[in-house]
Amino acid sequence: MKQHEEYKIVGKSVPRRDSIGKVTGQAIYTNDIKLPRMLYAKVLRSPLPHAKILNIDVSRALRLPGVKAVITGFDTKGVKWGVFKYTQDHPLLPRDKVRYVGEDVAAVAAIDEEIAMEALELIKVDYEPLPAVFDPIEAMQEGAPLIHEEFPRNINIHVHIEVGEVEKAFKESYLVMENTFRAAGEAYAMMEPYAVVAHYHEGFLDIWCPNAGPHVRAKALSNLLGLPLNRVRVRHVNIGGAFGGRSEVQPADLIAALLSIKTERPVKLSLTREENAMCTRQVHDVIATIKTGVKKDGTILAKEFKVIYDGGAYSSTGPIATSVPYYVYEETYRIPNVRYDGYRVFTNKGIRGMYGCHGRAFLVGNEVQLDMIAEALGMDPVEIRLKNGLKVGEETITKSKIISSGLHEALQKVSEKANWREKRLSIIKGKGKGMGIGCIGMMCGFPMGFRSGSSCYLKFNDDGQVTLITGIVDNGQGNESLAIQIASEVLGIPMEDINLVNADTEITNLDQGAYSQAATFVSGNAVKRACEDARRQILAIASDKLGVPAEELDLRNRMVVWKKDPSKNIPISWVVREAFFMGRPIVGFGSYMPKIDFEREWVKRPYGQLAGTFSYGACVAEVEVDKETGRIYLPRFYAAHDCGYPINPMAVEGQIEGSIVQAGVAAILEKNLWHKGFLLNPDLLEYKVPLACDIPDMEPIIVKSYDPEGPFGAKEGGLTIRMSAYSAVGTALYQALGIPITELPFTPDVVWKALRKVNEEAEK
Amino acid sequence: MKLPKFLYFRPKTIEEALATFTAYDGNAVYLAGGTDLIPRMKLGLKKPMAVIDLKGIEELKKVRVENGTIMIGSLVTLFELSKTPMIKEKFPALFEALLFTSCETLQMRGTIGGNILQDTRCLFYNQSEFWRKAKGPCVKTGGERCHVIGAKECLSNYMSDTAPALLSLEASLKLIGIEGEREIPLRDIFTGNGVSPFSLRPGEILCQISLPNEVTKGGYEKLRLRGSIDYPLLGIALSGSGEKVKIAIGGIGPIPKVWEGKLEEIPSGMQKLSQETKAIANTILDPLYRKEMIPVLSQRLAKRVFGS
Amino acid sequence: MELIRVQFKVNGDQVDLSVKPYETLLETLRNRLELTGTKEGCGLGSCGACTVLLDGMPVRSCLVLTAEVNGREITTIEGLKQGDKLHPLQEAFVNHGAVQCGFCTPGMILTAKALLDRNPKPTRSDIIRAISSNICRCTGYKKIIEAIEAVAQREER
């Protein structure tokens, strides 16, 4: 791997390959798919937050002309699904009880949507309502309604991590602070509402749906349907955003599949925006209590955390969601003594999953508290972070080694760009203007057993163009173009010569999926290795032909050239044909498995190498608060992201900018609002996704730490900003108001109430 | 999302429209821009047998000046109106309210008449049929108790931006219905009842909004979370001279509140009004906060329009 | 229920259809005419993904009844290309990285086109005002604004 060197195309901003289809309207998303004799499905949903299902009568619905099938939980194999063996609690179509308003109970396939909707009215479900619980603290009390028999006190997951001697360390601390921060859960609000097309034919089930991990999806469906894995083919489709909310098998997938199997016709199930919000996945509400002990010089001695995650009605990613906010934090700072207790608690609300911005209460809380500590010690917030920030070669407290880190560089670069020293010194605390910094580390990939790796094949056609076959998944962030760009670099052929077949479980080999920031680092590495394999084969044949050692040859512009004298060359297509002649066609294969400790387990054994590598990022936010109205303005935002090496700088910038808005602006706008198990804003009007007029001036900064494992040194494309942008807003707000606001989102009424409380107390 | 079944008509005259309305025994609605009606029909809040599209009636799209009155056809779009120089010159409160309404794309479709006659809103009301059936009826949907306060009272919010501005300008409306024509002050169209916010007579079509043809000073302040699209969680319009100003407040409760007085009376007047206003947790922002912002934003507005 | 006959132009082509009175333009475009470039993001007019041009004016097609567009001209995203050549906005969106998941893109481009058609030299503020009618969840809007500005600056009018 070349460091500090110019590559041909990697490291350059190039238009993404998939953009043309998207700007012309030709790109196909799931709901655009139309197959011959396709049926349309609709789902009957639970109107109750918690109830026993006594009886379901579908007979009248079946008799409605145009209805071709009706299913309930009794049409499934009764298999409960879960991400982990110990979280297999989700029947997807229940037989015994419903646990949230909107849960799928029955479904109809008909010749058109109108008839399907009419048929739903004819299904009669008898429920016995049960007492429900909506607050996680209440849910954990003795005597609270039990949502799952096998999880006493509704505690789904308890992650306990303890290293060192926390109590002793607190006693030895110069300063100890404890704060509790809360955040309402967000909505993913991806622009594409969920949809599935299932087509069971000739013994094969083809599925199209927006998903972040087709191989994992296929396996889940194979188990749920009792179909062999090779008979379940999750097909490639364009995806309108996921942000962590489309990693797991959905009831909609099972429903469409069953209906198609029953009718032997293609079935399309399109969810409305409301269903997408209520019935797929949401984001956890979090209450985080953070206690920190430091030395007089600002060195962190100990941290104690108690964090409650409101998980909704089923486990979903369970232990992952209960741990990740803690892990990203321990990947960032040196903490010699720690006790973390994370509780994921069931409530009778929609299912909460992993999210790109997950854990804002926890992360904002830590960062704001750190600033409060810095202030008490007379230290600058950047200074205290540089002091405690982990460096290359160090280990996190749960024994993950850090092999590359741009944390210090990110902190320095972002504060420089933002003119931190000068500007911040000129700001008087509490006068309504503030500047704050937030930083975080991010894991690239985490243990998923044998499914943690990826592999890639490629073939050449005899004109010298390539088809790249890889499981890499693109949710919209640009992974498909990334694979092509990497291949273009290694094979010396232009991007337009490279076809990509990806995310199709029949053709592509196992890939971990596009979550946990693994696509560039793992899938990208596999692509690079496959191309290097093909490259070696090409150079071997060319070397023979040109009479020059392979090490002196390069691939450029569709040619094999002698580096010393490029006029000595042959076309790659010639080599390809020669290889065909020789009976050994050029076929590349490469795979990559991140160097993770596979004995590591989220709950049972939470230590060991968690991820292949870690990326780092830091944000600076400027805020202006109108103290009379509590309204926060975000004039400027700077974000430095250590992506290792940017394969496509324009794409990395796009991720940084999108993250500033999805996390930073969201900190003052976004929340799901609930009333006794009913989501009050399951739409895109009352759920406030930031608009173009709401954005700050943004300055994205790319930091290169040249990861030794990542392809071309690359790690991941922007997640650190998704998990630090809100911290910068929180810390800026602290400076602007002089008090910490401990409730997110920081909507005007929240800020105003906090200021009023301070005024009232001051008057007393 | 699908619309319920209905028949569609596009009359060319008001008479035709009224005749169709009568033919469907009142089980009909008028369609203007559709930006309020169509979503409500998709949510199952309104299921008429007939939808009568008024956009074929040319005379409703005109702006005329006659005898000291400016007459704005009800089907003039918000965007068009905002681009009419006379509006910006003479009625700054209305001009600002137009700019603040929703977003640019919807301003091009929404009409002034439709904006005035939009139904009241509430987080518990503007939900799908599934959601409301599961939650149970509320007062506005024919039930006994409001989901928010438990009482048999509907405090859904009237959220037009232009109506408060028009109220501050003492606008009047011309309506033509089955029983004939009438002209009333805009103020009189509101019932104060969230269940049925407008006192419209059978088949009445809002044809025209009239404003006195005089230059006014004024402005509009809107409380909303985002800078576009969102409805007002509080909308304050002010028009007048330095001597007497009229303030109209929308966004809280089913009827805009109107206040008249001298500039220096605004702080105490708004304080009192805020205390008397009933706001409940039926929007995304805290109700106490919204009330408290009445004196804050109205004083800001007055300062902006008239200086200190 | 009786169907309504509607004759209108879509991307320059004359169409003659019989539609349900309660059919939306979005449904007609996607389901009858199979022009799936226009997307349904929310169905209630809050997101702009369904934006098409109605006689050059941007509208949320999920809020328009097909019955209303008799005699009118509709432009969808599929109608922007001139033969093989991309519309300058399409090109700019691609070159400036203004497209990520792409779901908001057709609506966003058409909103931008309508803006430039009526205001060839928009200020940044004009651009932001216009596109604040459309939600994008991925890009953070910066590159979208830059792409539109680039086209506005390029064009000689």
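Residues numbered from 1 in each chain as written. Chains lettered and ligands numbered in written order. Predicted model: local features only at pLDDT ≥ 70, side-chain atom pairs only at ≥ 80, totals over all residues. Heavy atoms only, no water.

A. Spotlight on the side chain of Thr 731 of chain A. Residue and element names in this part refer to chain A. For Thr 731, the position within the fold is in helix H19 (residues 725-737). Within the local environment of Thr 731, its side chain forms a polar contact with the backbone oxygen of Ile 437, the two atoms lying 3.0 Å apart. Each residue touching Thr 731, except ones within four places of it in the same chain, is listed here: Glu 367, Val 368, Asp 371, Arg 385, Gly 436 and Ile 437. (Helix = DSSP H or I, 4+ residues; strand = E, 2+ residues; numbered from the N terminus. Polar contact = N/O pair within 3.5 Å; in protein donor to acceptor, adjacent residues only side chain to side chain. Contact = heavy atoms within 4.5 Å.)

B. The sheet that holds strand S22 (residues 553-556) of chain A, seen in detail. Residue and element names in this part refer to chain A. The three strands lie next to each other as S22-S23-S24, forming an open sheet whose pairing is antiparallel. Looking at strand neighbours, the two that pair on one side only are S22 and strand S24 (569-571), the edges of this open sheet. The mean inter-strand angle of the sheet, taken between neighbouring strand axes irrespective of direction, is 20 degrees. Here three bridges tie strand S23 (residues 559-562) to S24, and the two strands are oriented antiparallel to one another. Paired with Met 559 across the two strands is Pro 571, which belongs to S24. (Pairing = 2+ DSSP bridges. Axes fitted to C-alpha atoms, helices over the stretch in contact; angles between N-to-C directions.)

C. Structural detail: the packing of aromatic side chains. Residue and element names in this part refer to chain A. Considering all chains together, one arrives at 31 aromatic pairs over all chains under this definition. By the ring-pair criterion, three or more aromatic residues cluster together here, those being Phe 305, Tyr 326, Tyr 327, Tyr 329, Tyr 333, Tyr 340, Phe 362, Phe 446 and Trp 602. It is Arg 231 that lies over the ring of Phe 204; its NZ or CZ is 4.6 Å from the centre. (Phe/Tyr/Trp six-rings, centres within 6.5 Å; stacked < 30°, edge-to-face > 60°. Lys NZ or Arg CZ within 6 Å of the ring centre and 35° of its normal.)

D. Structural view of helix H16 (residues 572-581) of chain A. All names here are of chain A. Considered for burial, the residues of H16 that qualify are Ile 572, Ser 573, Val 575, Val 576 and Ala 579. In a view along the axis of H16, the buried residues occupy a sector of 160 degrees, so they form one face of it. The inward-facing, buried residues of H16 contact strand S19 (454-460), helix H14 (479-491), helix H15 (519-546), S22, S23 and S24. At the C-terminal side of H16, Gly 583 shows a positive phi close to 80 degrees. (Buried < 20%, exposed > 50% of the residue type's maximum accessible area, 1.4 Å probe, protein only. Arc of directions from axis to C-beta.)

E. Highlighting the sheet that holds strand S7 (residues 180-185) of chain B. All names here are of chain B. Taken together, the five strands give an open sheet; going across it, the order is S4-S5-S8-S6-S7, and neighbouring strands pair in antiparallel fashion. Of all strands in the sheet, those bounded by a partner on one side alone are strand S4 (63-66) and S7. Within the sheet, the average angular offset between the axes of one strand and its neighbour, ignoring direction, is 20 degrees. Looking at chain direction, strand S6 (residues 172-177) and strand S8 (residues 205-212) are connected through five bridges and run antiparallel.

F. Here's a closer look at the pairing of strand S5 (residues 69-73) of chain B. Residue and element names in this part refer to chain B. Burial of S5 is extensive: four of the five residues sit out of reach of the surface. For S4 and S5, the ladder comprises four bridges, and the chain directions are antiparallel. Bridge pairing links Glu 66 to Thr 69 in S5. Adjacent in sequence and paired antiparallel, S4 and S5 are bridged by two residues, among which Asn 67 carries a positive phi angle near 50 degrees. As judged from the five bridges shared by S5 and S8, these two strands associate in the antiparallel manner. Note on S8: the bridge partner recorded for Met 71 is Ser 210.

G. The arrangement of the nonpolar core in detail. Among the nonpolar cores identified, the biggest contains 242 residues, and Met 443 and Phe 746 of chain A together with Phe 93 of chain C are the most heavily contacted of them. Considering every element that reaches this core, the biggest residue donor is helix H10 (residues 360-377) of chain A, with ten residues. Setting aside anything within four residues of it in sequence, one finds Phe 93 of chain C in contact with Val 23 of chain A together with Ala 98, Val 99, Thr 105, Met 108, Ile 109, Ile 144, Ala 147 and Ile 148 of chain C. Ranked by size, the runner-up nonpolar core spans 53 residues in total, among them Phe 460, Ile 486, Ile 570 and Ile 572 of chain A. (Core = buried A, V, L, I, M, F, W, Y, C linked by side-chain atoms within 4.5 Å.)

H. Structural context of the domain arrangement of chain C. Residue and element names in this part refer to chain C. Taken domain by domain, chain C holds domain 1 (4-76) and domain 2 (88-153). In this assembly, 16 residues from domain 1 lie in contact with ten residues from domain 2. Between domain 1 and domain 2, the buried area comes to about 950 Å², and carbon and sulfur atoms account for 65% of it. Viewed at the interface, domain 2 and domain 1 are joined by zero salt bridges. Elements with a contribution of two residues or more to the side of domain 1 that touches domain 2: strand S3 (51-54) and strand S4 (57-60). With three residues, S3 is the single largest residue contributor to the side of domain 1 that touches domain 2. Class assignment for the residues of the side of domain 1 that touches domain 2 results in five nonpolar, eight polar and three charged. (Domains from an automatic or database assignment. Buried area = accessible area lost by both parts, 1.4 Å probe. Salt bridge = Lys/Arg side-chain N within 4 Å of Asp/Glu carboxyl O. Nonpolar A, V, L, I, M, F, W, Y, C, P; charged D, E, K, R; others polar.)

I. Inspection of the interface of chain A and chain C at higher detail. Opposite the 51 residues of chain A that make contact, chain C presents 47 residues. For the pairing of chain A and chain C, the buried interface totals around 3,800 Å² over both sides, and the portion due to carbon and sulfur atoms is 58%. The largest per-residue losses of area from chain A upon contact with chain C belong to Val 23, Met 191 and Ala 692 of chain A, which jointly make up 19% of the total buried on that side. Our enumeration of links across chain A and chain C arrives at eight salt bridges. Two residues, Lys 20 of chain C and Glu 114 of chain A, come together in a salt bridge whose shortest N-O distance is 2.9 Å. Elements that contribute at least two residues to the side of chain A that touches chain C include exactly helix H1 (19-24), helix H17 (649-664) and strand S30 (697-703) of chain A. It is H17 of chain A that provides the largest number of residues to the side of chain A that touches chain C, a total of eight residues. Along the lines of polarity and charge, the residues of the side of chain A that touches chain C split into 28 nonpolar, twelve polar and eleven charged.

J. Fine view of the pattern of salt bridges. Residues and elements named next belong to chain B. Within the structure shown, the criterion is met by 94 salt bridges over all chains. The closest approach of N and O atoms between Asp 36 and Arg 40, which form a salt bridge, is 3.1 Å. Considered together, Asp 36 and Arg 40 belong to a single accessibility category, that of buried residues.

K. Expanded view of the side chain of Thr 111 of chain B. Residues and elements named next belong to chain B. By the secondary structure assignment, Thr 111 is in the loop between helix H6 (104-107) and helix H7 (112-116). Side-chain polar atoms of Thr 111 contact the backbone nitrogen of Gly 114, separated by 2.9 Å. With sequence-adjacent residues up to four places away left out, Thr 111 is seen in contact with Ala 32, Gly 33, Ser 74, Leu 75, Val 76, Thr 77 and Leu 78.

L. Fine view of the packing of helix H10 (residues 266-276) of chain B against helix H11 (residues 287-306) of chain B. Residue and element names in this part refer to chain B. Where H10 contacts H11, the two axes come as close as 8 Å, and the packing angle between them is 155 degrees. Compared by their axis directions, H10 and H11 come out roughly antiparallel. Where H10 crosses over H11, the two elements pack in a sense that is right-handed. Contacts from Ile 266, Pro 267, Met 270, Gln 271, Leu 273, Ser 274 and Gln 275 of H10 reach H11 at Lys 291, Glu 292, Ile 294, Pro 295, Ser 298, Gln 299 and Ala 302. Residue classes in the contact of H10 with H11 are distributed as seven nonpolar, five polar and two charged. (Parallel < 35°, antiparallel > 145°, perpendicular 65-115°, else oblique. Left-handed = near helix turned anticlockwise from the far one by under 90°.)

M. Here's a closer look at the interface of chain B and chain A. The interface of chain B with chain A comprises 34 residues on the first partner and 42 residues on the second. Here chain B meets chain A over a buried area of about 3,200 Å², counting both sides, of which 62% is carbon and sulfur. The interface formed by chain B and chain A contains seven salt bridges. Among the salt bridges present, the one from Lys 133 of chain B reaches Glu 121 of chain A, with a minimum N-O distance of 3.4 Å. Put simply, chain B and chain A have 15 residue pairs in polar contact (both at pLDDT 80 or more) between them.

N. Spatial organisation of helix H1 (residues 25-32) of chain C. Residue and element names in this part refer to chain C. Here H1 lies mainly inside the structure; six of its eight residues are buried. Buried within H1 are the following residues: Leu 25, Leu 26, Glu 27, Thr 28, Leu 29 and Arg 30. Of the surrounding secondary structure, the elements contacted by the buried residues of H1 are strand S1 (4-10), strand S2 (13-19), S3 and strand S5 (73-75). Backbone geometry just downstream of H1 places Glu 34 in the positive-phi region, at approximately 55 degrees.

O. How the structure looks around the confidence of the model for chain C. Summing up the model confidence of chain C, the mean pLDDT is 97 and the portion of residues at 70 or higher is 98%. Two summary scores accompany this predicted model of the complex, namely pTM at 0.98 and ipTM at 0.98. (pLDDT = per-residue confidence, 0-100.)

P. Here's a closer look at the environment of Val 15 of chain C. Residues and elements named next belong to chain C. Tracing the chain through its elements places Val 15 in strand S2. The class of Val 15 is buried, set by a relative accessible area of 13%. Along the backbone, Val 15 and Leu 33 are 18 residues apart, and their C-alpha atoms lie at a distance of 9.1 Å. Apart from residues lying up to four places away in sequence, Val 15 is in contact with Val 6, Gln 7, Phe 8, Val 10 and Leu 33.

Q. View of the environment of Cys 103 of chain B. Along the chain, Cys 103 of chain B turns up in the loop between helix H5 (92-100) and H6. Separated by 125 residues in the primary sequence, Cys 103 of chain B and Ser 228 of chain B place their C-alpha atoms 5.2 Å from one another. Residues within four places of Cys 103 of chain B in sequence aside, it is in contact with Ser 228 and Ile 229 of chain B together with Arg 60, Ser 132 and Ser 133 of chain C.

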